[in-house]
Amino acid sequence: MIAKPTARRHAPPIDMNLLVTLDALLSEGSVVGAAQRLNLSPPAMSRQLARIRHLIGDPVLVRAGRGLVPTPRAEALRDRLRRLVSDAEALVRGEDDLDLSRLERTFVIRASDGFVGTFGAALASLAASQAPHVRLRFAPEDAEDVEGLRDGRIDADVGVIGTMGPEIRLQTLFHDRFVGVVRPDHPLLAGITPERFSSFPHVSVSRRGRFAGPIDEALATHGFTRFVALAVANFADALAVVRMSDHVTAMPERLTEPARAGLLSFDLPVPVEGLAISLAWHPRFEADPAHRWLRGIVREVCGRKP
DNA sequence: AATATGAGAGGGCATATCCC
DNA sequence: GGGATATGCCCTCTCATATT
């Protein structure tokens, strides 16, 4: 008996071009769109889709009415694939050929009005000095979901970032602490004790309209309860109310520095845990040189001493 | 070594099919 | 009807093999 070597034929090498094609198909959600993007005819693209289906063993995109919708398998592949392709593009292009002086791009940053008020001007100046054709759009904070980052409507998210999707990249920009804010001639200033602090009506800042937060928890551990009479969605509204009433509010110190001008800030009478202001982005932008530059200038501006 | 030949991949055009 | 995808047919190009 001849001992035959068990060497089996190697599987044919994977056509990596199909990954680029699939990325285009998933991004465009249509054969025609992907064909235009890759300078192919729609039939050629349709055939590439057929090859991808054969390669993956999944329909990838199925007809829904006139268009196509991705299968769960395709959805699961989408982000990794996007990252893979953009990494490959960056590899080929090289990271150095980012020409900031000619970069024309609009970045969407989701951030609170506090962040815009405190860092917006510095960020805009720094961006303009390095990349004069780049535009920044600050989008208001909505429900803190990852969809905006996932589908690319949002380039970066700045703020107190809680539970995001597991794939979301996160980096702490700085730590902040809560301070109380009242108008300058407020009666509370005669003596700030937990008891007197709790006796005035409060304004809470919550994009979700919450009346209770970490300050209430801190007060509760010391046996105090405050009455939050008003919940507003941004810092400016809270400050406007405080400016013209006996209401008391609390907000992150550094994040609202310029906005609190003309008002009186004070240390809270009970210790409240600090908060981390972070930058979040989707991994698809991880290797994107322009996006890296954006992250860099955000970090730089936040790292400057006030 | 140079040339011819055949298979296979992949693209475009025309057209079928589906659905709004 | 018209937009979108899928497919039949034919073409070109490449590569491996056969032939001179």
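Refer to the structure printed above.
Residues numbered from 1 in each chain as written. Chains lettered and ligands numbered in written order. Predicted model: local features only at pLDDT ≥ 70, side-chain atom pairs only at ≥ 80, totals over all residues. Heavy atoms only, no water.

**Re the packing of aromatic side chains**
As a reminder, the rule being used: Pairing of aromatic rings covers Phe, Tyr and Trp, the last through its six-membered ring, and needs centres within 6.5 Å; plane angles under 30 degrees mean stacked, over 60 mean edge-to-face, and all others mean tilted. Helix and strand definitions here come from DSSP, where helices need a minimum of 4 consecutive H or I residues and strands a minimum of 2 consecutive E residues; each element is numbered from the N-terminal end. Exposure categories follow from relative accessible area, calculated using a 1.4 Å probe and restricted to protein chains: below 20% of the type maximum is buried, above 50% is exposed, and the middle band is partly exposed. Only lysine NZ and arginine CZ atoms are considered, and such an atom sits over a ring when it is within 6 Å of the ring centre and within 35 degrees of the ring normal.
Under the definition given, this model contains five aromatic pairs. Note on Phe107 and Trp293: the rings are 6.3 Å apart at their centroids and 45° apart in plane angle, and the pair reads as tilted. Taken together, the residues Phe107 in strand E3 (residues 105-110) and Trp293 in helix H10 (residues 289-303) connect sequence positions 186 residues apart. The same class applies to Phe107 and to Trp293, which are both buried. Plain terms: the ring middles of Phe115 and Phe138 are 6.3 Å apart, the flat faces sit at 65° to each other, and that makes the pair edge-to-face. One end of the pair, Phe115, is in helix H5 (residues 113-130); the other, Phe138, is in strand E4 (residues 134-139), with 23 residues separating them in the sequence. Put simply, the rings of Phe115, Phe119, Phe138 and Phe174 touch in pairs and so form one group of aromatic residues. The ring centre of Phe174 lies 4.6 Å from the NZ or CZ of Arg254, which sits over that ring.

**As for the packing of H5 against H10**
Spelled out, the test is: Lines fitted to C-alpha atoms define the axes here, with helix axes fitted over just the stretch in contact, and angles between the N-to-C directions of these axes take values from 0 to 180 degrees. For classification purposes, angles smaller than 35 degrees are called roughly parallel, those larger than 145 roughly antiparallel, those between 65 and 115 roughly perpendicular, and all remaining angles oblique. Handedness of a crossing is defined here by the sense of rotation of the near helix relative to the far one, left-handed for an anticlockwise turn of less than a right angle and right-handed for a clockwise turn. When checking whether two residues touch, look at their non-hydrogen atoms; a contact exists if any pair is within 4.5 Å.
Interaxial distance between H5 and H10 falls to 9 Å at its minimum, and their mutual angle equals 125°. On the basis of the axis angle, H5 is oblique to H10. In the packing of H5 onto H10, the handedness of the crossing is right-handed. Between H5 and H10, the contacting residues are Phe115, Phe119, Ala122, Leu123, Leu126, Ala127 and Gln130 on the first element and Trp293, Ile297, Val298, Glu300, Val301 and Cys302 on the second.

**Remarks on the side chain of Gln48**
The test is simple: Side-chain atoms alone can form a polar contact between residues adjacent in sequence; in general such a contact is a pair of N or O atoms within 3.5 Å, and within protein one must be able to donate a hydrogen while the other accepts it.
Secondary-structure assignment places Gln48 in helix H3 (residues 42-56). At 2.9 Å, the side chain of Gln48 and the side chain of Thr21 are in polar contact. Ignoring any residue separated from it by four or fewer positions in sequence, one finds Gln48 in contact with Leu18, Thr21 and Leu40.

**What to know about the protein's contact with DNA strand C**
What counts, and what does not: In these notes, residues near a molecule or strand are those with any non-hydrogen atom within 4 Å of it. Classes in brief: Ala, Val, Leu, Ile, Met, Phe, Trp, Tyr, Cys and Pro nonpolar; Asp, Glu, Lys and Arg charged; the others, Gly included, polar.
By nearness alone, every residue bordering DNA strand C is listed as Ser30, Val31, Val32, Pro43, Ser46, Arg47, Leu49, Arg53, Arg63, Arg66 and Leu68. Backbone atoms, meaning sugar and phosphate, make up 57% of the atoms of DNA strand C lying within 4 Å of the protein. In this structure, a base oxygen belonging to DNA strand C sits 2.4 Å away from a side-chain N or O atom of Arg47. Between DNA strand C and Arg63, the relevant distance is 3.3 Å, taken from a sugar or linking oxygen to a side-chain nitrogen or oxygen of the residue. Of all the secondary-structure elements, those providing two or more residues to the surface near DNA strand C are helix H2 (31-37) and H3. The element contributing the most residues to the surface near DNA strand C is H3, with five residues. Residues of the surface near DNA strand C, tallied by class, amount to five nonpolar, two polar and four charged.

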